Amino acid sequence: MKISPETKISAIIKENENAIDVIASVNRHFRKLKNPFLRKTLGSRVTVKEAASIGGISPDLIMEKLRLIGFEIELSPADNSLNNSINSIGNIEPKTDISVRTTLDVRDQIAKGMDPMKLILKTSEEIKEGESFLLINSFEPLPIMHLLKESGFSAKLVKSGADLVHVYFTRERNSTRIDSSGNFILLNENDFNKKLEEFGENITRIDVRNLEMPEPMVNILEETENLKNGFALYVDHKKVPQYLLPELENRQFKVYGYEMDNDNVKLLIYKDQ
Amino acid sequence: MQGLKTDLAPSKGVVLPHFIYAAISFFILAIMLVFSSSDLGNNFFKPSLLAITHVAALGWGTMIIFGALYQLIPVIMETALFSERIAKINFGILGTGIIILIVAFWKFSVNLLLPIGASIVFLGLILFIINIALTTFRAEKKSIQSAFIITSSFWLLMTGLMGGLISFNYRINFLELSHLQYLKIHAHLGMFGWFLMLITGVGSILLPMFFVSHKLNVKKLHASYYLVNTGLLGLTVNWWFFQARFATPLFTIFMALGIIFFISYIYDSYKKRMRKNLDIGMKFTVLSILLFFLPILLGVLAAFRIPSEIQLFNRLIMLYGFAFFMGFTTSLILGQTYKTIPFIIWLEKYKDLVGKSKTPLPRELYSEKLASLQYWSYLIAIFGFIVGIISAIPLILKISSILLLLCAITYNINVFKILLHKPEPLNNINNEKS
């Protein structure tokens, strides 16, 4: 198979499963590829070039490693940037005509190993149509860019230095807000555990795996009624509860899920303030 | 990472009409059996029996499976049904086609009504398979159960096609073999391609869910899938084109092994169950799996041309078909009705109240006593039929058919009791809300 910087990671993995290990060995950022869930969500969206950009390395490095396990390299003349992005390496203060409502610098959180996703999403929800916010990060935050694009934002990326990226997110007019696209978000194990940690001790845990339908639903809804502010309900379930989710949405609950295996799903249910 | 669409369940306007059509079909089926019970002791190729078989297979079995499947697709495939509109149109077309087809058989109007009815039914089946194929296509979650479902709908289409060919053959006689040979193919496509495939796919999710059992060996289902499909394809091709003697026993063994793998999967689930007490729905279900051994045994015997005495052989063939439809599938449907409709109605009426005030359980929506009466009348009826068909004693058949009618009446009362359920006005709810 011929590969270029524009080739999707998922296509490469489909061709040769060993590519997972090879890419993961390039940089610690890519170890996530070993997680099947992330591989599915990221792999199908991200190209070699974008991946290299996330890892802060040259795409040639990844391609060279892939060449060693039998891929052919095809050079592409395409430009070296993501959609809508401007490369202006060197400028600390990028010049744009976008007026910003909020600025969010998540570099500290990233350095401490924390996941700023929730903070970013929360900020994004406060942005009205036509308004923008600026995200400052140490690398191109592709997952959040894709995520926000799906909920109606446009993203303008400015590379301001080797470890400095400014992204301007603007909510397009007539776009849907993220909370109307559903209250259920599937996460991988790491992200789920991080969400869990955010609630600390404020967790009520129940196990409904050994209950017969509709008792899991009844128990969960009863528990959510008694849930105090700032508390989350942590549920061990057998499957994603298809008939329960709409009811939780009606009652303004949000749900994070993590599918451990075919018989185990973990849910974190909480009320968004 | 994106927020997922949560409301995948179909509207009840899509699901419930199928259940109503099926319940009424079961009642009509029971009445028809009372009037022609003595025919069961004869050769199966009789207008009354052809009509009864099609009420059982289409009006009763297929209709209720369509309804249940629409309800379960979100659970099995984690996506919504492709089009509710197609499902509704499909219901209208199929419902009309079935009635024409049944009248055609009963009056044996093979030159006019039969091809018309068969064509309309076939049109309905095409819409169904389009809807299911597009749903499967869209689903991200691909499991062996999805494979069973999409394969079963393909076999259903083949069954309809075969039936359609036979119906036109009465008029223009273009098929070269005896119509009984095509009838055999048609029947097996329907029984094992459609009913068994679909029941395996849906049952392997539902039954462990209701037994509440975990960690089952899915490889058994894979084995079942390949064995049954290979066997069925082999039988069909052989019966149609080659008529090789050795092939029928060979492929029958394939299918029997495949079915045993499925039963073994269900048995594991039964063994590991958390809920030790079986409610009425699960009693019917266990009975259904036990009754399934009868057609398997008779099918294998028939493949080896046992018994050799022709009259007894014909009676056992009759019992084979009867045990499949009125034993295995009917008891399974009777049981699963008690697990699905109460839940659908309960969900609709009480989901807003759950956790906020006391709500009844789904099983409190029907009469346990009637259900129990239904269970026993069915059980005695079915054993009566087995004895009656083998011995060809009309009185036993008549008594059994009356008991089955009692079962159908109690079933209909309970189904409509559930469908017409009105929540009792609870004062404390209103107080809490205001």
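Residues numbered from 1 in each chain as written. Chains lettered and ligands numbered in written order. Predicted model: local features only at pLDDT ≥ 70, side-chain atom pairs only at ≥ 80, totals over all residues. Heavy atoms only, no water.

**Here we look at the overall build of chain A**
Here is step 1 of the chain: Regarding its fold elements, chain A presents 11 helices and 12 strands.
Here is step 2 of the chain: In chain A, buried positions account for 49% of the 273 residues.
Here is step 3 of the chain: For chain A, long-range pairs separated by at least 24 residues make up 71% of all intrachain contacts whose partners lie at least 6 apart in sequence. (Helix = DSSP H or I, 4+ residues; strand = E, 2+ residues; numbered from the N terminus. Buried < 20%, exposed > 50% of the residue type's maximum accessible area, 1.4 Å probe, protein only. Contact = heavy atoms within 4.5 Å.)

**Considering the interface of chain B and chain A**
Here is step 1 of the chain: Listed as interface residues are 38 residues of chain B and, on the opposing side, 39 residues of chain A.
Here is step 2 of the chain: Both faces considered, chain B and chain A share a buried interface measuring about 3,400 Å² in area, 59% of it formed by carbon and sulfur atoms.
Here is step 3 of the chain: Applying the counting rule to chain B against chain A returns 1 salt bridge.
Here is step 4 of the chain: A salt bridge links Lys339(B) to Glu212(A); the shortest N-O distance between them is 2.6 Å.
Here is step 5 of the chain: Viewed at the interface, chain A and chain B are joined by 8 residue pairs in polar contact (both at pLDDT 80 or more).
Here is step 6 of the chain: Of all elements in the fold, only β1 (3-4), α2 (47-77), α6 (179-211) and α10 (310-350) of chain B reach the threshold of two or more residues within the side of chain B that touches chain A.
Here is step 7 of the chain: A class-by-class count of the residues in the side of chain B that touches chain A yields 19 nonpolar, 7 polar and 12 charged. (Buried area = accessible area lost by both parts, 1.4 Å probe. Salt bridge = Lys/Arg side-chain N within 4 Å of Asp/Glu carboxyl O. Polar contact = N/O pair within 3.5 Å; in protein donor to acceptor, adjacent residues only side chain to side chain. Nonpolar A, V, L, I, M, F, W, Y, C, P; charged D, E, K, R; others polar.)

**Considering helix α7 (residues 117-126) of chain A**
Here is step 1 of the chain: Three or more residues of α7(A) are buried, namely Met117(A), Ile120(A), Leu121(A), Thr123(A), Ser124(A) and Glu125(A).
Here is step 2 of the chain: Contacts from the buried residues of α7(A) go to β4 (102-105), β5 (132-137), α8 (142-150), β6 (153-161), β7 (164-171) and β11 (253-261) of chain A.

**Brief notes about the pattern of salt bridges**
Residue and element names in this part refer to chain A.
Here is step 1 of the chain: For the coordinates displayed, the defined rule picks out 14 salt bridges over all chains.
Here is step 2 of the chain: Close ionic contact of Arg-209 with Asp-207 constitutes a salt bridge, the shortest N to O distance being 2.8 Å.
Here is step 3 of the chain: We note a salt bridge from Arg-251 to Glu-225, for which the minimum N-O separation is 3.3 Å. Of the two residues, Arg-251 sits in the loop between α11 (244-250) and β11 while Glu-225 sits in helix α10 (residues 215-225), which places them 26 residues apart along the sequence.
Here is step 4 of the chain: For Arg-251, a relative accessible area of 6% gives the class buried.
Here is step 5 of the chain: On the basis of relative accessibility, which here comes to 32%, the residue Glu-225 falls in the partly exposed class.

**So, α8(A)**
Residues and elements named next belong to chain A.
Here is step 1 of the chain: Among the residues making up α8, those that are buried are Leu-142, Ile-144, Met-145, Leu-147 and Leu-148.
Here is step 2 of the chain: In this structure, the buried residues of α8 make contact with α4 (48-55), α7, β5, β6 and β7.
Here is step 3 of the chain: Gly-152 occupies a position one or two residues after α8 and carries a positive phi of about 95 degrees.

**Some words on the environment of Ile20(B)**
Residue and element names in this part refer to chain B.
Here is step 1 of the chain: Locating Ile-20 in the fold gives a position in helix α1 (residues 12-35).
Here is step 2 of the chain: The spacing of Ile-20 and Ser-167 is 147 residues in sequence and 28 Å in space, taken between C-alpha atoms.
Here is step 3 of the chain: When near neighbours in sequence (up to four residues on either side) are disregarded, Ile-20 contacts Phe-416 and Leu-419.

**A short note on the packing of aromatic side chains**
Residue and element names in this part refer to chain B.
Here is step 1 of the chain: Under the defined criterion, the tally for this structure stands at 39 aromatic pairs over all chains.
Here is step 2 of the chain: Relative to Tyr-70, the ring of Phe-66 lies with its centre 6.4 Å away and its plane at 45 degrees, an arrangement referred to as tilted. In this pair, Phe-66 and Tyr-70 are both assigned in helix α2, 4 residues apart and thus about one turn of the helix distant.
Here is step 3 of the chain: The buried category is assigned to Phe-66, whose relative accessible area is 1%.
Here is step 4 of the chain: Looking at Tyr-70, the relative accessible area reads 0%, which means it is buried.
Here is step 5 of the chain: Relative to Phe-325, the ring of Phe-195 lies with its centre 5.6 Å away and its plane at 85 degrees, an arrangement referred to as edge-to-face. In this pair, Phe-195 is assigned in helix α6 and Phe-325 in helix α10, connecting sequence segments 130 residues apart. Here Phe-195 and Phe-325 have matching classes, each one buried. (Phe/Tyr/Trp six-rings, centres within 6.5 Å; stacked < 30°, edge-to-face > 60°.)

**Points about a nonpolar patch on the surface**
Residue and element names in this part refer to chain B.
Here is step 1 of the chain: Taken together, the side chains of Ile-24, Phe-27, Ile-28, Ile-409 and Ile-413 define a hydrophobic patch exposed on the protein surface, amounting to about 380 Å² of accessible area.
Here is step 2 of the chain: Contributing elements (two or more residues each) for the nonpolar patch: α1 and α12 (394-419).
Here is step 3 of the chain: The leading source of residues in the nonpolar patch is α1, at 3 residues.
Here is step 4 of the chain: Its place among the elements puts Ile-28 in helix α1. (Patch = residues over 30% accessible without salt bridge, like charges linked within 9 Å, V, L, I, M, F, W, Y side chains within 5 Å. Areas by Shrake-Rupley, 256 points an atom, 1.4 Å probe, with all protein chains shown as cover.)

**Overview of the confidence of the model for chain A**
Residue and element names in this part refer to chain A.
Here is step 1 of the chain: When pLDDT is averaged along chain A, the result is 77, and 82% of the positions lie at 70 or above.
Here is step 2 of the chain: Across chain A, the element-wise mean pLDDT spans from 39 in strand β3 (residues 86-87) up to 94 in strand β10 (residues 232-237).
Here is step 3 of the chain: Of the regions scoring below 50 in pLDDT, residues 76-93 engages in 33 contacts with residues more than four places distant in sequence or in other chains.
Here is step 4 of the chain: The low-confidence segment residues 175-181, where pLDDT is below 50, has 18 contacts with residues more than four positions distant or belonging to other chains. (pLDDT = per-residue confidence, 0-100.)

**Things to note about the packing of α6(B) against α10(B)**
Residues and elements named next belong to chain B.
Here is step 1 of the chain: Contact pair α6 / α10: the axes reach a minimum separation of 12 Å and the direction vectors enclose 30 degrees. Viewed along their axes, α6 and α10 adopt a mutual orientation that is roughly parallel. Note that α6 runs across α10; the crossing there is left-handed. Touching His-188, Met-191, Phe-192, Phe-195, Ile-199, Leu-206, Leu-207 and Phe-210 of α6 are Tyr-320, Phe-324, Phe-325, Phe-328, Thr-329, Leu-332, Gln-336 and Lys-339, all from α10.
Here is step 2 of the chain: Looking at the contact of α6 with α10 residue by residue, the classes come out as 12 nonpolar, 3 polar and 1 charged. (Axes fitted to C-alpha atoms, helices over the stretch in contact; angles between N-to-C directions. Parallel < 35°, antiparallel > 145°, perpendicular 65-115°, else oblique. Left-handed = near helix turned anticlockwise from the far one by under 90°.)

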